Amino acid sequence: MDSRVSELFGGCCRPAGGGAGGALRGRGGPAPGGGSKAKKKNGRSRGAKANNPPYLPPEAEDGNIEYKLKLVNPSQYRFEHLVTQMKWRLQEGRGEAVYQIGVEDNGLLVGLSEEEMRASLKTLRRMAEKVGADITVLREREVDYDSDVPRKIAEVLVRKVPDNQQFLDLRVAVLGNVDSGKSTLLGVLTQGELDNGRGRARLNLFRHLHEIQSGRTSSISFEILGFNSKGEVVNYSDSRTAEEICESSSKMITFIDLAGHHKYLKTTIFGLTSYCPDFAMLVVSANTGIAGTTREHLGLAMALKVPFFIVISKVDLCSKATVERTVKQLERILKQPGCNKLPLLVNSDDDAVTAAQQFAQSPNITPIFTLSSVSGENLDLLKVFLNILPPLTNSKEQEELMQQLTEFQVDEIYTVPEVGTVVGGTLSSGICREGENLVVGPTDDGKFLRLKVCSIQRNRSACRVLRAGQAATLALGPFDRSLLRKGMVMVSPEMNPTICSVFEAEIVLLFHATTFRKGFQVTVHVGNVRQTAIVEKIHGKDKLRTGEKAVVRFRFIKHPEYLKIGAKLLFREGVTKGIGHVTDLQAITTKENGLEESLGPGQLSF
């Protein structure tokens, strides 16, 4: 991680020295290398104007994007082959695929006549019906080609419910300064009703009385927004329940609403590190611009390498000039060396489609939306973007995770009447089923305790099987809640988990007022682990200053934790902040922990 991210934490904002500059090249822009040659066939030029060759990147063998020149009246054998190909693309996209019609495999935009396009879309619809999917035409556009007849290409989204009834689920962390309109925006998206300008839309999101009274989020809450196979929004409007939303949706966006106030920063960091969001949405108020914790939240997303997009809210309160000033302020920060991002302002449906595809393919693209939760201005553009936004991992990567042993991170602990102890969190690897026997730990003295998973719920709906990468709550029956704490893991008994009190990490000190020395105490965040640790040794140096790197040995001051080598690490203490990754663990063995003689019934030690 570039140490220049420290500028975001330290409050330093230099004007961009030219920045990224220039317009963003869309998918239909010039091919890399941008030559003026057009492909020739039969002695004539294929393509169009020399200085605007109409190319997409060549089609990839893997992934969920398929190019098709035309699909006019295929034979039965050809049709079966096309259906098999569609199944492969849908599997790669975990239930979603994008078809570019009128495009050759090498990316050349040939286009089709009106009649050919109609016939091709009809065939594509037949193919989708065969695999139990729906199609949605995202956009059509004309291309320049050597023909007197207008020629078009079409971009089509194909979406189905996966065979195992596990809908595609993306997690989006919501960041931004206090009073920027985060909870109100989520209320409008998930409830389907615009705000009244005084925060009515956010009331259903708050979990505590003091949040309703102050209007400020202090805890982590989860809200869901669904899209069906046709790309239509499925939310709590029309008095739907969470179960009905899950049943009707092929794709689910789970928003993680985090706190904006600085005094709740540790809760916000825990939400980012523990809940493993796929993306982050940074909400900035148009009338206040970049203020308070905005810069800090932006730095956190970059430090943890969470792709983020930006929503400028409350545009109904401001003049057009004020909104433009806020946009320019954001663009300047995004282009500076510490960020090195390419801002992409979304003003139309076409921009939203391009932004979603570019955002998933390139980590440097940052879409910017300007909208209002009161007037509803540009709200549909955000919905289009979220509908098309593809997952970061493909089916192959998820299959590999599912082959590993079970590991579930404990993020929340509840006691539910007539159910017993319930834990919430994310399944990092493996598969978890109802009735499965696992072990949970480490306890304060390093033990792992046996337990049984009685039932599972995902998005408030019953679920029999949990797969790697999915978040859920697990009911543990009569298990004693006092034995559990946040930061524990539930793992397969065969895993033989490694726990430690002492570990080493390669870190970058992002910001510190003076010097960082041996004996300094910091709060360490590693995944769902959050505990105070003391600096025991800085290898090769006596002290560290802002921007410097080193390998540092930490010791947890309270109890051992379950860590993995390579895990991302973030630490803080007041204004002091740093990031890094775990490089070495001093594992606690059975003898060191004195567990040989202290095993009781229902307890398991490694």
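Residues numbered from 1 in each chain as written. Predicted model: local features only at pLDDT ≥ 70, side-chain atom pairs only at ≥ 80, totals over all residues. Heavy atoms only, no water.

### Some details on a nonpolar patch on the surface
Reasoning step 1: Together, Tyr414, Val416 and Val419 make up a nonpolar patch on the protein surface, roughly 200 Å² of accessible area in all.
Reasoning step 2: Examined against the element boundaries, Val416 turns out to sit in strand E15 (residues 407-416). (Patch = residues over 30% accessible without salt bridge, like charges linked within 9 Å, V, L, I, M, F, W, Y side chains within 5 Å. Areas by Shrake-Rupley, 256 points an atom, 1.4 Å probe, with all protein chains shown as cover. Salt bridge = Lys/Arg side-chain N within 4 Å of Asp/Glu carboxyl O. Helix = DSSP H or I, 4+ residues; strand = E, 2+ residues; numbered from the N terminus.)

### Quick look at unusual backbone geometry
Reasoning step 1: Here the amide bond leading from Gly441 into Pro442 is cis, since omega sits at -5 degrees, within 30 degrees of zero.
Reasoning step 2: Among the structural elements, Pro442 can be located in the loop between strand E18 (437-441) and strand E19 (448-452).
Reasoning step 3: At Asp179, a position not held by glycine, the phi torsion is positive, near 65 degrees.
Reasoning step 4: In this fold, Asp179 is placed in the loop between strand E7 (168-176) and helix H4 (182-191).
Reasoning step 5: Classification of Asp179 as partly exposed rests on a relative accessible area of 45%.
Reasoning step 6: Positive phi values are uncommon outside glycine, yet Lys314 reaches one of about 60 degrees. (Buried < 20%, exposed > 50% of the residue type's maximum accessible area, 1.4 Å probe, protein only.)

### Let's talk about the pairing of strand E20 (residues 455-458)
Reasoning step 1: Only one face of E20 is covered, namely the face carrying Ile456 and Arg458; the face carrying Ser455 and Gln457 is uncovered.
Reasoning step 2: Sheet topology places E20 next to strand E23 (residues 471-475); 3 bridges connect them, and they run antiparallel. Bridging from a neighbouring strand, Ser455 pairs with Ala475 of E23.
Reasoning step 3: Relative to strand E21 (residues 461-463), E20 is paired through 3 bridges, and the arrangement is antiparallel. Bridged to Gln457 within E21 is Ala462.
Reasoning step 4: Counted between consecutive antiparallel strands, the loop separating E20 from E21 contains 2 residues, among which Asn459 sits at a positive phi close to 50 degrees. (Pairing = 2+ DSSP bridges.)

### Comments concerning the packing of helix H2 (residues 76-92) against helix H3 (residues 114-130)
Reasoning step 1: It is at 9 Å that the axes of H2 and H3 come closest, and there the two elements cross at 65 degrees. The chirality of how H2 crosses H3 is right-handed. Contacts from Phe79, Glu80, Leu82, Val83 and Met86 of H2 reach H3 at Thr123, Leu124, Arg126, Met127, Ala128 and Lys130.
Reasoning step 2: Of the residues in the contact of H2 with H3, the class split is 7 nonpolar, 1 polar and 3 charged. (Axes fitted to C-alpha atoms, helices over the stretch in contact; angles between N-to-C directions. Left-handed = near helix turned anticlockwise from the far one by under 90°. Contact = heavy atoms within 4.5 Å. Nonpolar A, V, L, I, M, F, W, Y, C, P; charged D, E, K, R; others polar.)

### Let's talk about the side chain of Arg485
Reasoning step 1: Position of Arg485 relative to the elements: it lies in the loop between E23 and strand E24 (489-491).
Reasoning step 2: Of the polar contacts made by the side chain of Arg485, one reaches the backbone oxygen of Pro442; its length is 2.8 Å.
Reasoning step 3: Of the polar contacts made by the side chain of Arg485, one reaches the side chain of His559; its length is 3.4 Å. (Polar contact = N/O pair within 3.5 Å; in protein donor to acceptor, adjacent residues only side chain to side chain.)

### Regarding helix H7 (residues 265-274)
Reasoning step 1: Counted residue by residue, H7 has 9 buried out of 10 residues, so it is predominantly covered.
Reasoning step 2: When we look at burial in H7, the residues that qualify are Leu265, Thr267, Thr268, Ile269, Phe270, Gly271, Leu272, Thr273 and Ser274.
Reasoning step 3: The first or second residue beyond H7 is Cys276, which carries a positive phi of 50 degrees.

### Describing the sheet that holds E7
Reasoning step 1: The 8 strands lie next to each other as E9-E8-E10-E7-E11-E12-E14-E13, forming an open sheet whose pairing is mixed. Looking along the sheet, the strands with just one partner apiece sit at the ends: strand E9 (233-234) and strand E13 (342-345).
Reasoning step 2: Where strand E8 (residues 221-227) lies against E9, 2 bridges are found, and the strand directions are antiparallel. Following the sheet pairing, Phe227 is matched in E9 by Val233.
Reasoning step 3: Sitting on the sheet, helix H9 (residues 320-335) touches strand E11 (279-285), strand E12 (308-313), E13 and strand E14 (365-370), and the angle it makes with E12 is about 160 degrees.

### A short note on the environment of His262
Reasoning step 1: Within the secondary structure, His262 is located in the loop between strand E10 (251-257) and H7.
Reasoning step 2: Take His262: its relative accessible area is 45%, and that puts it in the partly exposed class.

### Focus: the environment of Ile456
Reasoning step 1: Here Ile456 is to be found in strand E20.
Reasoning step 2: Under the relative-accessibility criterion, Ile456 is labelled buried at 2%.
Reasoning step 3: Taking the C-alpha atoms as reference, Ile456 lies 6.5 Å from Glu434; in sequence the two are 22 residues apart.
Reasoning step 4: Setting aside chain neighbours within four positions, we find Ile456 in contact with Cys432, Arg433, Glu434, Ser461, Ala462, Cys463, Arg464, Leu466, Ala472, Thr473 and Leu474.

### Let's talk about the nonpolar core
Reasoning step 1: Ranked by size, the top nonpolar core spans 38 residues in total, and within it Leu175, Leu258, Leu272, Phe308, Ile310 and Ile312 carry the most contacts.
Reasoning step 2: Two domains each provide a minimum of three residues to this core, namely domain 2 (168-392) and domain 4 (499-587).
Reasoning step 3: Among the nonpolar cores identified, the runner-up in size contains 36 residues, and Val98, Val346, Leu381 and Leu382 belong to it. (Core = buried A, V, L, I, M, F, W, Y, C linked by side-chain atoms within 4.5 Å. Domains from an automatic or database assignment.)

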